[in-house]
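Structural overview
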Amino acid sequence: MKAMILAAGRGERMRPLTDTCPKPLLKVRGRPLIVWHILNLVRAGITEIVINHAHLGHMIEEELGDGSKYGATIAYSAEAVALETAGGIANALHLLGEEPFLVLSGDIYCPYFDFEQVKDVLHDKDVLGNAYTSEQRDACWLYLTPNPWHNTKGDFALNMFSVANDGEPKWNFSNIGVYRAEMFKAIEPGQRAGLGLLIRAYAAKGLVGGELYEGPWVNVGTVQQLEELNAPLSGKVKGA
């Protein structure tokens, strides 16, 4: 399985830090956010990684190189302007291939997420070995978390392992998911497109699977959150 790390965002709320440093290169405990991901992916045997970038993207390439120092192989998908999440994925499909791939945001901190679990979540056959049709099989698999302080209403409901737009309680989308390439084929390379509405369209058809992840997870969106993550370990992290 290949993985894509989204690293093209400007990080407006993290200014002035992101004026001179791409958000995924901001450090937590002495290590860039994106490096935490790379090391955990490699630990799970996911070594082929695609990274998109726009703002100060050259700094990301200079820092990470070809990935060999981490035991990975990194390919880059440069964007002249950020194409949003689905647009960035569609623009990189030629690097990701046709098999299901993992996508995660470069600005989240989840140091104990076990990426081994993502390898076998999108099934092509039922429990009896019968092949699913394209109208039956899940198009993606999302990892949801308890709602953080900045998203108290949540995003999606979860019924067993089926993700729904409606229902209670709702959980927060972690920005970690496994996707089939077919989801993005209608988006032209270089076209801007968001991911939320695309997922919701598939969820309305009952074609989105998922599960709840309750380990440490922070969407690092403010300077204060970054400072709290780097505070002495006895301090409580806001947003976890």
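Residues numbered from 1 in each chain as written. Predicted model: local features only at pLDDT ≥ 70, side-chain atom pairs only at ≥ 80, totals over all residues. Heavy atoms only, no water.

**Points about the pairing of strand S8 (residues 140-145)**
The following threshold applies: Think of it in three bands: residues with accessible area under 20% of the maximum for their type are buried, residues over 50% are exposed, and the middle band is partly exposed, with areas taken using a 1.4 Å probe on protein chains only. Where helices and strands are cited, they refer to DSSP runs of H or I of at least four residues and of E of at least two residues respectively, numbered from the N terminus. Strands were regarded as paired on the criterion that DSSP finds at least two bridges between them.
Within S8, 6 of the 6 residues are buried, which leaves it mostly tucked inside the rest of the structure. Residues Cys140, Leu142 and Leu144 point to one face of S8 and Trp141, Tyr143 and Thr145 to the other, with burial holding for every one of them. Two strands pair when backbone bridges link them, and S8 and strand S11 (residues 170-179) are joined in this way by 5 bridges, in the antiparallel orientation. Among the inter-strand pairings, Leu142 is bridged to a residue of S11, identified as Gly177. Direction of pairing for S8 relative to strand S12 (residues 208-212): parallel, over a ladder of 5 bridges. Paired with Leu144 across the strands is Leu212, a residue of S12.

**Thoughts on the environment of Ala92**
What counts, and what does not: A contact between two residues is defined here by any heavy atoms of the two lying within 4.5 Å.
Counting through the fold element by element, Ala92 comes out in the loop between helix H4 (84-91) and helix H5 (93-96). Separated by 42 residues in sequence, Ala92 and Val50 place their C-alpha atoms 7.8 Å apart. Not counting residues within four places of it along the chain, the set of residues in contact with Ala92 comprises Met4, Val50 and Ser77.

**So, helix H3 (residues 57-64)**
Rules: Directions are taken from the helix axis to each C-beta atom, and the arc is the one they span.
Every buried residue belonging to H3 is among Gly57, Ile60 and Leu64, and all of these are buried. Along the long axis of H3, the arc covered by the buried residues comes to 55°, so they all point the same way. Looking one or two places after H3, you find Gly65, whose phi comes out positive at around 60°.

Nothing here speaks to function; it is all geometry.
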